[in-house]
Amino acid sequence: MVTIPFSHGLLLAAALFLLGVICVLTRRNIIFMLLGLEIMLNAAGLAFVVAGARWGQPDGQIMFLIVLAMAAAEVSVGLALVLEWYHRMHSLDVDQASRLRG
Amino acid sequence: MIQLLWLIPALPLAGFVILALGGARLSRRAAAWIGVGSVGISALLTLALAVAFLRGLPAIPAHIRQVWTWFDVAGLNIGVSFYLDALALTMMAVITGVGFLIHLYSVGYMAHDDGFSRFFAYMNLFVGAMLILVMADNLMLLYLGWEGVGACSYLLIGFWYRDPANGYAARKAFVVTRVGDTAMAVALFLLFDRLGSLQIQELMQRAGAQWGVGTILPTVVALLLLGGAVGKSAQLPLQTWLPDAMAGPTPVSALIHAATMVTAGFYLIARTHLIFELSPLAMSIVAIVGAATLLLAGFSGLCQTDIKRVLAYSTVSQIGYMFLALGVGAWAAATFHFMIHAFFKALLFLAAGAVIHALSGEQDLFKMGGLRRELPLVYLVFLAGAASLSAIPLVTAGFYSKDMIIWEVFASNRGGTLLWAAALAGALLTSIYTFRMFFLCFEGPLRTPVAHKPGWNMSLPLAVLAVLSLVAGFLEIPHSFGGGVQIFSHFIQSALPATQLLPARESNEILCQLASAAAALGGLGLVWWLMLRSPQAGAALTRQPLAMKLSRFWLNGWGFDWLYGLLFERPYIFLAQINRADIVDGCFTLLARFGLALNALAGAAQTGRVRTYAAGLTVGAAAIIAWVVWL
């Protein structure tokens, strides 16, 4: 069995995380921002799994399950907020919501 | 009996509290009973106390009663404690006795005023504060009373506060006396710093033991105390407030600005006389201030057209006599004149009040006249008061007290011929301005119809004071009148030293008395001749250009108001205008501007866009990680 080197796994996680960040920062559609957040969470989960494999410990996979559960909870709250927000703003553009400008 | 000492000031203060809390809820009847009754009971208590005190003489010349401790901080123990000696008792008798008569008179005088209970509340507070002033055993408590009477004076001068002129007069009185009070406060600090006590008797002992005669410290302290005294007693150079203080109701002028408060300066000097005796320079200055004031005020009194202002200037002038007597060490004579002056000046103010009341508020002498037949009682008592003020010989009390001063100024070892000449000229002036006022008011044709006649509660105090103004002088009859009577000076010498007379001059007493009698009668005769006998001569005299100029100058009180306006008011207003933008406040405005700029800077970061915040978070997190990893 060919093992994937540790650094490759981490690089993949980092690349995923960066793509997620870019998605959050550049997309104006709030649904895509949430998708970006999910990608970042999964990148972090992947880093946990890779690290767990590196040290031969199950903790990394347990942490991934926790991240998954947390992401599910977060997305349910987030989508509920998005729905409510859409009813008010009639738009999915986050830049419309700037009433807290100083 | 002496145990009840504290009740004497406590009763008027209690009256003040009831009247102030009750306010307009009290009926006029109740307010009058509380206001007059509290002072009346105090007067009766003072009488009983005087009997007990006289029984103790000469074995016990003074009593001290500590009521409670006011405060006790860092070695400074100030008690609410009262000191009773002959001087304090004389003051108390005048304050409560004359005060009671004036309160009684006010019931009639103020009967139709809206602020009836407010008036009696202030008057009671004044009597309480004045009693604390004269009974205080330490200078701190004395200062409390001193400021208390100042505040009451302010409140009562501005009693009819709807007229801005009255408020201005009240503020003027307050600010001018404050100048003197500041000097007095500095004297208190100095005394406490140097002698470590504020207890009057202890201070006097320590001053006598530690300070030499004619050294610098007692002179400085005495001059600072004199500063306080001239402010309160309206002496040169702080005399300008008293004529304007006549804006208050007439009973206030009688009680505060004639009989009691304005003599507080005399009391302060008499109370601290040992410090003054340590400084011959300060004594001479007291005498010179007194002599100059009595002349200046006498000339100003000649030309006033307002009846109350004539009386105000005459008060300044008579207190000048008291200061002159203090300055030459004639302590008993000054105290005697204080008492007699309280009688006749209160009488004159109250009688003038009856005239003003009768003429529905008219105060201009030239609109009065012919009141002799209309108000016979007021005419008679006014005549008694005027005769006493002018010191008409033998029959009036004013003669005995003023003559005692003039004689002792001549014969005292601190006196002199020049001071004596000033006092004598003052006596002539007094007689002239008094009878000018009297003739203008009561002789000639009737110029304003009489609206009200005084009721019993106004007539009774007038009659009592008129009798006192005539007979009180028999307490003290000079040696030259067949040995004389010295009841008063023996009494007061249990508290104050006797006058040191020059033996060489003692034989001249009768000549001196003839001179002062001639001055008084000469003034009366001159006015009678110029105003009644041949009015053409009088009118011709007043039409002289020089006389008209002098008259305008004296009418305005020697231009002191103008001078102080030029020296103090105008520069102050000028500086205030420069500082209109408030330079000091500018520093704080700058600080506020800086805060606002920071706010704008921080506010700019808050775009309200969630993506900006996310970018900020990302960059920040990356920076922290980079810092942790590479540094």
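Nothing here was measured: the structure is a model prediction, and the numbers come from that model.

**Comments concerning the confidence of the model for chain B**
Then, in step 1: Scored by pLDDT, chain B comes out at a mean of 87, with 100% of its residues at no less than 70.
Then, in step 2: Note on the complex model: pTM 0.79, ipTM 0.86.

**Some points on helix α25 (residues 560–578) of chain B**
Residues and elements named next belong to chain B.
Then, in step 1: The terminal C-alpha atoms of α25, which comprises 19 residues, lie 26 Å apart, in line with the 27 Å expected from a rise of 1.5 Å per residue.
Then, in step 2: Within α25, burial applies to F560, Y564 and G565.
Then, in step 3: Close packing links the buried residues of α25 with α13 (280–302).

**Considerations on the packing of aromatic side chains**
Then, in step 1: Overall, the coordinates contain 30 aromatic pairs over all chains when judged by the stated rule.
Then, in step 2: Between the aromatic rings of B:F438 and B:F439, the centroid separation amounts to 6.0 Å while the plane-to-plane angle is 55°, which identifies the pairing as tilted. This pair shows no difference in class: B:F438 is buried, exactly as B:F439 is.
Then, in step 3: The rings of B:F116, B:F119, B:F120, B:Y122, B:F159 and B:W160 are connected pair by pair, giving a single aromatic cluster.
Then, in step 4: Here the basic side chain of A:R27 rests over the ring of A:F32, its NZ or CZ set 4.2 Å away from the ring centre.
Then, in step 5: The lysine or arginine in question, A:R54, covers the ring of A:F6, its NZ or CZ lying 5.7 Å from the ring centre.

**So, unusual backbone geometry**
All names here are of chain B.
Then, in step 1: A cis geometry characterises the amide bond from L236 onward to P237, with omega recorded as 0°.
Then, in step 2: Relative to the helices and strands, P237 resides in the loop between α8 (216–232) and α9 (241–244).
Then, in step 3: We note that A391 has phi near 60°; this positive angle belongs to a residue other than glycine.
Then, in step 4: Mapping A391 onto the fold places it in the loop between α17 (376–390) and α18 (397–411).
Then, in step 5: You can call A391 buried: its relative accessible area is 6%.

**Regarding the interface of chain B and chain A**
Then, in step 1: With 11 residues of chain B at the contact, the number on the chain A side is 14 residues.
Then, in step 2: Here chain B is connected to chain A by 2 salt bridges.
Then, in step 3: The partner of A:D95 in a salt bridge is B:R609, and the shortest N-O contact between them spans 3.7 Å.
Then, in step 4: The greatest single-element share of the side of chain B that touches chain A, amounting to 6 residues, is contributed by helix α27 (residues 610–630) of chain B.
Then, in step 5: The residue makeup of the side of chain B that touches chain A, split by class, is 4 nonpolar, 5 polar and 2 charged.

**Observations regarding helix α22 (residues 509–533) of chain B**
Residue and element names in this part refer to chain B.
Then, in step 1: The end-to-end C-alpha separation of α22 is 34 Å, in line with the 36 Å expected for 25 residues at 1.5 Å each.
Then, in step 2: Among the residues of α22, E509, C512, Q513, S516, A517, A519, A520, G523, V527 and L530 are the ones counted as buried.
Then, in step 3: Packed against the buried residues of α22 are α17, α18, α19 (417–442) and α23 (535–542).

**Describing the packing of helix α5 (residues 139–157) of chain B against α8(B)**
Residue and element names in this part refer to chain B.
Then, in step 1: Two elements in contact, α5 and α8, have axes separated by 12 Å at closest approach and are oriented at 25°. When the axes of α5 and α8 are compared, the pair comes out roughly parallel. Handedness of the crossing formed by α5 with α8: left-handed. Each of W146, V149 and G150 in α5 lies in contact with α8, whose residues at this interface are G228, A229 and K232.
Then, in step 2: Classifying every residue of the contact of α5 with α8 gives 3 nonpolar, 2 polar and 1 charged.

**A short note on the domain arrangement of chain B**
Then, in step 1: Considered domain by domain, chain B is made up of domain 1 (279–555) and domain 2 (561–589).
Then, in step 2: Using only C-alpha atoms to locate each centre, domain 1 of chain B and domain 2 of chain B end up separated by 42 Å.

Calculation notes
- Residues numbered from 1 in each chain as written.
- Chains lettered and ligands numbered in written order.
- Predicted model: local features only at pLDDT ≥ 70, side-chain atom pairs only at ≥ 80, totals over all residues.
- Heavy atoms only, no water.
- pLDDT = per-residue confidence, 0-100.
- Helix = DSSP H or I, 4+ residues; strand = E, 2+ residues; numbered from the N terminus.
- Expected span 1.5 Å × (residues − 1).
- Buried < 20%, exposed > 50% of the residue type's maximum accessible area, 1.4 Å probe, protein only.
- Contact = heavy atoms within 4.5 Å.
- Phe/Tyr/Trp six-rings, centres within 6.5 Å; stacked < 30°, edge-to-face > 60°.
- Lys NZ or Arg CZ within 6 Å of the ring centre and 35° of its normal.
- Salt bridge = Lys/Arg side-chain N within 4 Å of Asp/Glu carboxyl O.
- Nonpolar A, V, L, I, M, F, W, Y, C, P; charged D, E, K, R; others polar.
- Axes fitted to C-alpha atoms, helices over the stretch in contact; angles between N-to-C directions.
- Parallel < 35°, antiparallel > 145°, perpendicular 65-115°, else oblique.
- Left-handed = near helix turned anticlockwise from the far one by under 90°.
- Domains from an automatic or database assignment.

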